[in-house]
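Understanding the architecture of this molecule
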Amino acid sequence: ELRRVQTQITSREPVRVKFMPKIPPSASCTRPDARVIAYVDGLNLHHGLVARGLKSQLWIDPSALVRALLRPGQRLECVNFFTSRLSGARAADSPSIRPTRDHDRRCQTTYLEALVTRERVKLHYGHFLEKVRRCRNCGTSWVIAEEKKTDVLIASQMLMDAADLACDQIMLISGDSDLVPPLHIIRDRFCAVRVTVAFPPGRRSIDLQRYAHAYFQIGLANLRRSQLPDVVVTPAGVRLERPLEWH
């Protein structure tokens, strides 16, 4: 064996290294009792609803939504919900913007605390990175916040679950084409795991469609039947009320 390797090296022929064997397809791809793990891009879903004028659907229970999207007999293992916490008002904000930022942060905090009470929902947090932008013509500067780490967290969790064979089917709720690479790897290396992409309202990616076994747009009927109760009570007895603007 050593002589063969030395021969390849001295002859300058390329040596191919396979780091991960393909997992062949199995009956789990199509069986009706397939285990499903969902991955929800929280801010992508949020912005899609807002862009479509569906703020009344923001108080959504991701676990109930995924169950509404499953086929009969499929079993939900867990829902991974990915988001980043809003920071609220900043010192550099104008007085007219500060109340809005603080209000948005309170609404998000209430919603995330409500999700903690949901069965089979796991929260994963990225963060916002503030960057200063400046107009080249007038010199005016402003601060924008970019969401960081969330895509990496989603990709890492999907790949780990696929490698561990923790599920038979992945359901991704997002329209972010940055998530194409992990889907490509799963399709190529983990053939036993099926990939379904559920696009939020107002969000779609042709690239994601290309690497999914199935894809569809989430309809309004499923959103309406998957809302949290208007008042969610935590195990500690704290009442979390749906924000007025989300009715």
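Higher on the page you've got the structure.
Here's what I pulled together on the structure shown here. (Residues numbered from 1 in each chain as written. Predicted model: local features only at pLDDT ≥ 70, side-chain atom pairs only at ≥ 80, totals over all residues. Heavy atoms only, no water.)

1. With respect to the pattern of salt bridges
Overall, the coordinates contain eight salt bridges when judged by the stated rule. Close ionic contact of glutamate 77 with arginine 75 constitutes a salt bridge, the shortest N to O distance being 3.0 Å. Of the residues examined, glutamate 77 reaches a relative accessible area of 26% and is grouped as partly exposed. Of the charged contacts, one joins arginine 210 and aspartate 207 as a salt bridge, the two residues approaching to 2.8 Å between their closest N and O atoms. With a gap of three residues between them, arginine 210 and aspartate 207 both fall in helix 7 (residues 206–210), about one helical turn apart. Arginine 210 gets classed as exposed once you look at its relative accessible area, which sits at 52%. (Salt bridge = Lys/Arg side-chain N within 4 Å of Asp/Glu carboxyl O. Buried < 20%, exposed > 50% of the residue type's maximum accessible area, 1.4 Å probe, protein only. Helix = DSSP H or I, 4+ residues; strand = E, 2+ residues; numbered from the N terminus.)

2. What to know about the nonpolar core
One finds Val66, Tyr111, Met171 and Ile173 to be the most contacted residues of the largest nonpolar core, which totals 31 residues. No other element matches the five residues that helix 4 (residues 98–116) contributes to this core. Beyond its immediate chain neighbours, meaning those up to four positions away, isoleucine 173 contacts Tyr39, Val40, Asp41, Leu65, Val66, Leu69, Ala198, Pro200 and Ile218. The next biggest cluster of nonpolar side chains, apart from the first, holds 21 residues, and it includes Cys78, Val195, Val197 and Ala212. (Core = buried A, V, L, I, M, F, W, Y, C linked by side-chain atoms within 4.5 Å. Contact = heavy atoms within 4.5 Å.)

3. Remarks on the environment of leucine 159
The residue leucine 159 is located in helix 5 (residues 150–163) in this model. The partly exposed category is assigned to leucine 159, whose relative accessible area is 24%. In the structure, leucine 159 is positioned 23 residues away from proline 182 in sequence and 6.7 Å away in space, judged by C-alpha atoms. What leucine 159 contacts, discounting residues up to four positions off in sequence, is Pro182, Ile185 and Ile186.

4. What to know about the sheet that holds strand 8 (residues 214–217)
An order of 3-2-1-6-7-8 is seen for the six strands of this open sheet, with the pairing classed as parallel. Only two strands of the sheet have a single neighbouring strand rather than two, namely strand 3 (121–125) and strand 8. Pairwise comparison of adjacent strand axes, ignoring direction, gives a mean angle of 20° for this sheet. Pairing analysis gives seven bridges linking strand 1 (residues 35–41) to strand 2 (residues 75–83), with the strands arranged parallel. (Pairing = 2+ DSSP bridges. Axes fitted to C-alpha atoms, helices over the stretch in contact; angles between N-to-C directions.)

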